[in-house]
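Chain residues, written in single-letter form:
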Amino acid sequence: MSDLIKQNTPGNSEGFPAGVPPSYNWYQGWNDGGLWSPPADFTAVEGWGQVYPKVGSPPYSNPDAAVEVANAKTYVRFKHTGEWTLVQDQSRTQLTGGHFVSDFVGNVAIPMKATPVAGTTIAFGAPPAGYNNHFWYKARGTYPAGAVDAVYVQMEMRVTDPNLHLVAMVGADWWRDARAPYLDDHRNNPGIGGSNWIELSTQWKTIGFYSMSADGFRASPAPPLRGLVKEILPAPPSTPTRSGEILIQGKSAAPGARSSRWKNSADNDKDRSSPSADGRQQLIEAGSRPIPADSTATAQAFSNDCLLAFALTLGTLAKVRRNNPPCRQRTSRNAAT
């Protein structure tokens, strides 16, 4: 959780993308300024990732080097219940993409080699000079219009060559619907945001993006992070934690159909307020199992019943003892007497 919060706190990028103008609003990470909640009439979402050579790294080329991506998932949060729902899953819908020119000018792309590895892992060829790796799901995730207020995207990545110096970001776009075409003005796919830039290594790294405040996400983590957060509650009265978050889904498109928005999306509508708490299920931590907050009264009543039963049992035992006095055991003191 602490790593994920850091990945979404401005100013914590571990490097910057080579070939991207520093004036672009996502050059240092794009965890603020996007459209965190979808327009009321939108019904789809697309999770994505992108990988660049790190600024300042020496030129290096290895035709066999690859970027491996595994366990990509996108969740959306239903605002009236506070529940997270999985809408994109790499184990069901594989990733696709292309090598786009680093600054996305002209939305120009060349084919990117994609090789299935063990399980559902996919290996993309390392980005050639002047290009990136940009990938997304082959199908967008969908949800009812007006139903969600946030998104969470998570992917695991690593490189196969330790001499590669690459940085990666994950993020998401809202889409008007599952089949809406890409438009240059982004009316059909306003950007939500992305994580900071994370430097890749030969060890797996989990990279995530959430479209809500850090406090909100910490209090109500998406399913992949549940069990990692322990809430310390004051007593009494106990203060229930709140449940709820948002996730994103992807689209199906050929290379060149989604990315010119990256030039500079500063004109995106901004909705940076924390998601509404309306309808969120309240939980109280009880060991490793959360209990609905409204069961507190039931638990107290049960506790009172237990105390009453215990008192009655003690009274019965005392009565039996009076009617049947036990034999006195001889002690060393009695023996001396």
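My aim in this report is to walk through the structure given alongside it, one point at a time.

Conventions and cut-offs
Residues numbered from 1 in each chain as written. Predicted model: local features only at pLDDT ≥ 70, side-chain atom pairs only at ≥ 80, totals over all residues. Heavy atoms only, no water. Helix = DSSP H or I, 4+ residues; strand = E, 2+ residues; numbered from the N terminus. Contact = heavy atoms within 4.5 Å. Areas by Shrake-Rupley, 256 points an atom, 1.4 Å probe, with all protein chains shown as cover. 1 Å grid on protein atoms, 1.4 Å probe; cavity = no way out; pocket = protein on both sides within 12 Å on 5 of 7 lines; lining within 4 Å. Points joined across faces, edges and corners; volume = space filled by probe spheres on them. Nonpolar A, V, L, I, M, F, W, Y, C, P; charged D, E, K, R; others polar. Core = buried A, V, L, I, M, F, W, Y, C linked by side-chain atoms within 4.5 Å. Buried < 20%, exposed > 50% of the residue type's maximum accessible area, 1.4 Å probe, protein only. Salt bridge = Lys/Arg side-chain N within 4 Å of Asp/Glu carboxyl O. Pairing = 2+ DSSP bridges. Polar contact = N/O pair within 3.5 Å; in protein donor to acceptor, adjacent residues only side chain to side chain.

### With respect to the overall build of the protein
Logical step 1: Each helix and strand counted, the protein has four helices and 17 strands in total.
Logical step 2: For the protein, the proportion of contacts with a sequence separation of at least 24, taken over those separated by at least 6, is 81%.
Logical step 3: Surface exposure of the protein reaches about 16,700 Å², of which carbon and sulfur atoms provide 54%.

### Considerations on the layout of surface pockets
Logical step 1: Quantified by volume, the largest pocket comes out at close to 520 Å³.
Logical step 2: Lining the largest pocket are 31 residues, with Tyr60, Ala126, Pro127, Pro128 and Leu164 positioned closest to its centre.
Logical step 3: When residues of the lining of the largest pocket are assigned to their parent elements, the largest contribution, three residues, is made by strand S7 (residues 122–125).
Logical step 4: Grouping the amino acids of the lining of the largest pocket by side-chain chemistry returns 17 nonpolar, eleven polar and three charged.

### Quick notes on the nonpolar core
Logical step 1: The biggest cluster of nonpolar side chains holds 36 residues, and the ones touching the most others in it are Val45, Val69, Phe135, Val151, Met157, Trp174 and Leu200.
Logical step 2: Elements with a minimum of two residues in this core: strand S1 (44–53), strand S2 (66–78), S7, strand S8 (133–137), strand S10 (148–159), strand S11 (166–175) and strand S14 (205–210).
Logical step 3: It is S10 that provides the largest number of residues to this core, a total of six residues.
Logical step 4: Beyond its immediate stretch of four places on either side in the chain, Leu200 contacts Val51, Val67, Met157, Val159, Leu166, Ala168 and Ile207.
Logical step 5: Val20, Tyr24, Trp30 and Met169 belong to the second-largest nonpolar core, a separate cluster that totals 13 residues.

### Remarks on the pattern of salt bridges
Where charged atoms from two side chains of opposite charge approach closely, those side chains can pair.
Logical step 1: Taken as a whole and judged by the stated rule, the model has seven salt bridges.
Logical step 2: In this structure, Asp149 engages Arg77 in a salt bridge whose closest nitrogen and oxygen atoms are separated by 2.9 Å. Of the two residues, Asp149 sits in strand S10 while Arg77 sits in strand S2, which places them 72 residues apart along the sequence. Grouping residues by exposure puts Asp149 and Arg77 together as buried.

### Examining the pairing of strand S4 (residues 95–100)
Logical step 1: With five of six residues buried, S4 is to be regarded as a mostly interior element.
Logical step 2: Relative to S8, S4 runs antiparallel, the two being bridged by four bridges. Pairing of Leu95 across the sheet is with Tyr137, part of S8.
Logical step 3: Pairing between S4 and strand S5 (residues 109–110): two bridges, direction antiparallel. Looking at S5, one finds that Phe100 is bridged to Ala109.

### Describing the environment of Glu46
Logical step 1: Along the polypeptide, Glu46 turns up in strand S1.
Logical step 2: Judged by its relative accessible area of 0%, Glu46 is buried.
Logical step 3: Measuring from C-alpha to C-alpha, the distance between Glu46 and Trp175 comes to 7.1 Å, with 129 residues separating the pair along the chain.
Logical step 4: Engagement of the side chain of Glu46 in a polar contact is seen with the side chain of Gln88, the distance being 3.1 Å.
Logical step 5: Within the structure, Glu46 has its side chain in polar contact with the backbone nitrogen of Tyr137 (distance 3.1 Å).

### So, unusual backbone geometry
Logical step 1: Phi is positive for Asn107, which is not a glycine, with a value near 55°.
Logical step 2: As for its placement among the helices and strands, Asn107 is situated in the loop between S4 and S5.

### Describing the side chain of Asn133
Logical step 1: Residue position: Asn133 is located in strand S8.
Logical step 2: In this structure Asn133 comes out as buried when scored by relative accessible area, which is 0%.
Logical step 3: Separated by 2.9 Å, the side chain of Asn133 and the backbone oxygen of Gly125 make a polar contact.
Logical step 4: Look past the residues within four positions of Asn133 in its chain and what remains in contact with it is Gly49, Gln50, Val51, Val67, Gly98, His99, Met112, Phe124, Gly125, Ala126 and Pro127.

### Side note on the pairing of S11
Logical step 1: A large share of S11 lies buried, amounting to ten of its ten residues.
Logical step 2: The side-chain alternation of S11 yields two buried faces, one formed by Leu166, Ala168, Val170, Ala172 and Trp174 and the other by Val167, Met169, Gly171, Asp173 and Trp175.
Logical step 3: Where S1 meets S11, ten bridges bridge the pair, whose relative direction is antiparallel. Residue Gln50 lies in a different strand from S11, and its bridge partner there is Met169.
Logical step 4: Direction of pairing for S11 relative to strand S13 (residues 198–199): antiparallel, over a ladder of two bridges. From the neighbouring strand, Val167 faces S13, where its bridge partner is Glu199.
Logical step 5: As defined by bridge partners, S11 adjoins strand S12 (residues 191–194) across three bridges and the pair is classed as antiparallel. Across the sheet, the residue bridging to Ala172 is Gly193, located in S12.

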